[in-house]
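If you want the building blocks of each chain, they are given just below.
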Amino acid sequence: VQLQASGGGLVQAGGSLRLSCAVSGRTFSNYAMGWFRQAPGKEREFVAAISKSGDYTYYADSVKGRFTISRDNAKNTVYLQMNSLKPEDTAVYYCAADHTTYSRYIGELELSYDYWGQGTQVTVSS
């Protein structure tokens, strides 16, 4: 499975960005998907996850109400819409895929994910 993240960039505080992650190589709808991020000098942390059907989502408290994860199984793509961005959202954002047989499954632990994208940089200026 190959994951290609895109959409990062430089934005002012209060602005918006939409990240995309295109998945190839396997049946996309068999995978729950997640977004993680890693800020300079910090460990990678969970941001958001979505079930393989797209019916269930889960967010880190730090982004709840500002970020929205979604997926388009016809396009093999998962998205992260980020609104009201803050300087503390600055990080490299990674998408990840978690193979599962459970339609409602959502994972927030890195160890549960099988495949990772290369990351895309998001920088929020104050």
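Relevant structure appears above.
Just so we're clear, the structure is a prediction, and the values are computed from it rather than from any experiment. (Residues numbered from 1 in each chain as written. Predicted model: local features only at pLDDT ≥ 70, side-chain atom pairs only at ≥ 80, totals over all residues. Heavy atoms only, no water.)

Turning our eyes to something else, we now look at the overall build of the chain. The secondary structure content of the chain amounts to 0 helices and 11 strands. For the chain, the α and β elements follow one another from N to C terminus as β-β-β-β-β-β-β-β-β-β-β. Relative to the 2.2 N^0.38 estimate, which gives 14 Å for 126 residues, the radius of gyration of the chain is 13 Å and therefore close to what a compact globule would have. In terms of overall dimensions, the chain has C-alpha extents of about 40 × 25 × 25 Å along its principal axes. For the chain, the proportion of its 126 residues judged to be buried stands at 44%. Within the chain, contacts between residues separated by at least 24 positions form 59% of all contacts whose residues are at least 6 apart in sequence. In the structure as shown, the chain presents an accessible area of about 6,400 Å², 46% of it carried by carbon and sulfur atoms. Side chains of the chain give 12 positive and 11 negative charges; the mean places of these two sets differ by 5 Å. (Helix = DSSP H or I, 4+ residues; strand = E, 2+ residues; numbered from the N terminus. Rg over C-alpha atoms; globule rule 2.2 N^0.38 Å. Buried < 20%, exposed > 50% of the residue type's maximum accessible area, 1.4 Å probe, protein only. Contact = heavy atoms within 4.5 Å. Areas by Shrake-Rupley, 256 points an atom, 1.4 Å probe, with all protein chains shown as cover. Lys, Arg positive; Asp, Glu negative; His and termini not counted. Charge placed at Lys NZ, Arg CZ, Asp CG, Glu CD.)

If you walk through the whole model with that rule in mind, you get 6 aromatic pairs. Taking the centre distance of 6.2 Å and the plane angle of 65° together, the rings of Tyr 31 and Tyr 115 count as edge-to-face. With a gap of 84 residues between them, Tyr 31 in strand β4 (residues 31–38) and Tyr 115 in strand β10 (residues 115–116) connect regions that are remote in the sequence. The exposure class assigned to Tyr 115 is partly exposed, which follows from its relative accessible area of 29%. (Phe/Tyr/Trp six-rings, centres within 6.5 Å; stacked < 30°, edge-to-face > 60°.)

What follows concerns the sheet that holds strand β7 (residues 67–72). Ordered in space as β1-β3-β8-β7, the 4 strands form an open sheet in which the pairing is antiparallel. The open sheet has two free edges, formed respectively by β1 (2–6) and β7, since each of these has just one partner strand. Strand-to-strand twist of the sheet, defined as the mean angle between neighbouring strand axes without regard to direction, takes the value 15°. Pairing of β7 with strand β8 (residues 77–82), which is carried by 6 bridges, proceeds in the antiparallel orientation. Opposite Phe 67, over in β8, you have Met 82 as the bridge partner. (Pairing = 2+ DSSP bridges. Axes fitted to C-alpha atoms, helices over the stretch in contact; angles between N-to-C directions.)

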